[in-house]
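The lines below spell out each chain.
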Amino acid sequence: MGRRYAFTLIAAALAGLWGAGLALSYWEGRAAFLDRVEAPLADLRFLIRGPRPAPDGVTIVAIDDQTIHAAGSYPLSRATMARLVSALGRMKPKVIALDILFIDPGPAEGDLALADALRGAPSVLAAAGQFRRDSHRPHERTDAREGLPAAQSLLLPLELLTRVAAVGVVNIATDASGVPRHVPLLLQSDGRIIPSFPLRAVSIAVNRDPVLHSDGIDIGGTSTSTERGYALPLRFYGPGGTVRTISAGQILNGNVAEDAVRDKVVVIGATVTGGGDSFPTPFDPVLPGVEVLATAIAHLMEGDGLVRDRHVRLIDATMAVVLPVLFVLLLSWHRSIWGFASIAGIAILWICVTVVAFMQGVWLSAALPILASAPPVILFGAARIWLDRSRAERLTVQSRTLQSFQHPRLTERLTKDSTFLIKPVRQQAAVIFIDLSGFTGLSEILPLDETREVLRSFHTLVDQEAVGNHGIVASFMGDGAMILFGLPDPSPQDAGHALAACVALCMRTESWLATLPQPIASRIGFKIGAHYGRIIASRLGGDSHQHITATGDTVNVASRLMEVAAAHHASLALSDALYDAAGPARSVLESGVLDGPFATSIRGRAGSLPVWLWRKRSTEARWGKP
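Our subject in this report is the structure included herewith. This is a predicted model, so every value here is computed, not measured.

Parameters and conventions
Residues numbered from 1 in each chain as written. Predicted model: local features only at pLDDT ≥ 70, side-chain atom pairs only at ≥ 80, totals over all residues. Heavy atoms only, no water. Salt bridge = Lys/Arg side-chain N within 4 Å of Asp/Glu carboxyl O. Helix = DSSP H or I, 4+ residues; strand = E, 2+ residues; numbered from the N terminus. Buried < 20%, exposed > 50% of the residue type's maximum accessible area, 1.4 Å probe, protein only. Pairing = 2+ DSSP bridges. Axes fitted to C-alpha atoms, helices over the stretch in contact; angles between N-to-C directions. Contact = heavy atoms within 4.5 Å. Phe/Tyr/Trp six-rings, centres within 6.5 Å; stacked < 30°, edge-to-face > 60°. Lys NZ or Arg CZ within 6 Å of the ring centre and 35° of its normal. Expected span 1.5 Å × (residues − 1). Arc of directions from axis to C-beta.

If the charged atoms of two oppositely charged side chains come close together, the side chains can form a pair. This structure, assessed with the given rule, holds 20 salt bridges. Arginine 313 is the partner of glutamate 227 in a salt bridge, and the nearest nitrogen-oxygen pair spans 2.3 Å. Highlighted residues: glutamate 227 in the loop between β12 (222–225) and β13 (231–233) and arginine 313 in helix α10 (residues 310–333), separated in sequence by 86 residues. On the basis of relative accessible area, glutamate 227 is assigned to the buried category, the value being 7%.

Okay, here's the thing in structure tokens:
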């Protein structure tokens, strides 16, 4: 028992260490494989939650197929873009954010016109950070001091335009499947920290500078939670078009009411088929990139993004340590179906907690605690199964060994009830004694090995016939044996089974004696006595060893009846009580010659007893002098 507890404690400690190591990697952002597992679970929670209304403060002006068809070319010329910005500026938006890279110069008059248009309204232009080829996700390369994505270089708009408009980077962090998960709000390049496109747009819209703190950003009185490195988790509103979207063509044609733009953050971006960037999301396989940025802007304005700050991650890390230890203890304490059901129930409960929390905007990790728990549970469970199987095999060997010294039915009963026969029990039973006549004298001249072999074969046939007729050999006494019918539980058929065993023993012993070599066969015989009556079944012996047996007058009479059989040259002497109790089963005696009943005295017992004698038909019983 002590070894089992020690093994469990060691396993629980190792499970806790494994969970702690995994939690540390997760805390430091070095467990990319966890993100791969978490991503589809997050998507599933988005689908369970379903779409939700987008805030009213953001409007997308889409350069769509309709706009390109009317303009006749893509991308739109700088002059057309200038007209679009000017038209929007007259509607008094809070800010115009252009998700378009104006890196290369165009016709001079077009660039000047666009610069004039930008000067007439608060505006933000798009820049882009360039990262290593093997790191397409900005968050994969960070500065050790700030924890911010570090770009090798920046693609900046024309200087002519940056003199009249603010600049923000439009990089989006995606997972391995390309789904956008975060927008880095700050980015490093050449020792400078550049704000993101959404952060710059909101800062201009509310006319406030952002205030950074350890768990997020405050801007214009709205606090937004961020992850490590000021990464803003995206909480999608729905499929494409959930954020109010207006065609740029309608703006150019003057077909839009000013209310759709006035006092709004207006984001201009391309949604034209095959021309704009798009991303797969839980709600839409081709969500336009401009709507991803508009979603981030809405989070900063409303504070309705996902919360996955250090407090949430601390809960995740704690569960990654607690659950493996708890599951190992459950497996050890209750390795039945209830133990596994408890583990499954706790795992399902945690997943349900993550779903409910996700619906409230809190992104608890479903993958980390489960992946932290799975290996310890599998390894510990496999180890326990192996140890239990080894223990079961040892117990099986021990049981078989014990059964060699105790009848299987008694062993089974003692296994189920350790108090069996501690208190003596009085009951009806049939008792048979069988003994080899003349064997004591023969053993004085036989070699020890031959003596042992004769006894072994004799004991084997006695055991086989006793068991075959529902009896148990209570004891072997040298060249004799006592057989009981009625243990561990009495039965109305005990007497009949005893008669059948008597006849079988006579037949089988007669045949066995015929197979023995001379002079052994001519020197020995056998005698059987059988009686039915009340016995005392109990355990006898000391503290170091006990055996189950029967005592009482019935046992003594059965033993003395062997002398009656030998005195009358019969194979079997059975009491009239056994004959009567056997009922119809006494028909087995018809296979031989039955004499009686006649009254005879029993040595050591007052009075006489009605006895029957039985011999194998046409063959006299073999007997010898004791």
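With antiparallel pairing, 3 strands are arranged side by side in an open sheet as β10-β11-β12. Single-partner strands in this sheet number two, and they are β10 (211–213) and β12. Adjacent strand axes in the sheet meet at a mean angle of 20° when their direction is disregarded. The pairing of strand β11 (residues 216–219) with β12 spans 4 bridges and is antiparallel. Among the inter-strand pairings, isoleucine 217 is bridged to a residue of β12, identified as threonine 224. Across the sheet, helix α9 (residues 289–302) is in contact with β11 and β12; its angle to β12 comes to roughly 125°.

Let us look at the packing of aromatic side chains. Under the defined criterion, the tally for this structure stands at 7 aromatic pairs. For the ring pair phenylalanine 7 and phenylalanine 380, a centre distance of 5.5 Å and an interplane angle of 20° mean the geometry is stacked. Here the residue phenylalanine 7 occupies a position in helix α1 (residues 2–27), and phenylalanine 380 occupies one in helix α12 (residues 367–405), the gap between them amounting to 373 residues. The interplanar angle of 55° and the centroid separation of 5.4 Å between the aromatic rings of phenylalanine 46 and phenylalanine 236 together place this pair among those described as tilted. Of this pair, phenylalanine 46 sits in helix α2 (residues 32–49) while phenylalanine 236 sits in the loop between β13 and β14 (245–247), placing them 190 residues apart in sequence. With respect to class, phenylalanine 46 is no different from phenylalanine 236; both count as buried. These aromatic residues form a ring-pair network of at least three members: Phe46, Phe236, Phe283, Phe358 and Trp363. Directly above the ring of tryptophan 363 sits arginine 308, whose terminal nitrogen or CZ lies 4.0 Å from the centroid. One residue, arginine 586, lies across the ring of tyrosine 579, its end atom 4.6 Å from the ring centre.

It is worth spelling out the pairing of strand β18 (residues 425–437) at this point. Where burial is concerned, most of β18 is hidden: 10 out of the 13 residues are buried. As judged from the 13 bridges shared by β18 and strand β21 (residues 525–541), these two strands associate in the antiparallel manner. By the bridge assignment for β21, arginine 426 is matched with isoleucine 536. Judged from the 6 bridges that link them, β18 and strand β20 (residues 480–485) form a sheet pairing that is antiparallel.

Attention now goes to helix α5 (residues 108–119). Because an α-helix packs 3.6 residues into every turn, residues spaced three or four apart end up facing the same way. Taking 1.5 Å as the rise per residue, α5 with 12 residues should run 16 Å; its terminal C-alpha atoms sit 16 Å apart, in good agreement. Turning to α5, its buried residues are Gly110, Asp111, Leu114, Ala115, Ala117 and Leu118. Viewed end-on, α5 has its buried residues packed into an arc of 160°, placing them on one side of the element. Across α5 from its buried face, at more than 90 degrees, point the exposed residues Ala108, Glu109 and Arg119. As for α5, its buried residues are in contact with α4 (78–90), β2 (95–98), β3 (123–130) and α6 (159–162).

Moving on to unusual backbone geometry. The amide bond that connects tyrosine 74 to the next residue, proline 75, takes the cis arrangement and shows omega of 0°. Within the fold, proline 75 resides in the loop between α3 (65–71) and α4. In this structure, the amide linkage connecting leucine 487 to the following residue, proline 488, adopts the cis form with an omega of 5°. Position of proline 488 among the secondary structure elements: in the loop between β20 and α16 (494–515). Backbone geometry places tyrosine 230, a non-glycine residue, at a positive phi of 55°.

Here we come to α4. Its 13 residues place the ends of α4 18 Å apart at the C-alpha level, agreeing with the 18 Å of an ideal helix rising 1.5 Å per residue. Along α4, the positions that sit buried rather than exposed are Arg78, Thr80, Met81, Ala82, Leu84, Val85, Ala87, Leu88 and Gly89. Elements that come into contact with the buried residues of α4 comprise β1 (58–63), β2, α5, α8 (248–253) and β15 (265–270). Phi turns positive one or two residues past the end of α4, at lysine 92, with a value near 60°.

Nothing here speaks to function; it is all geometry.
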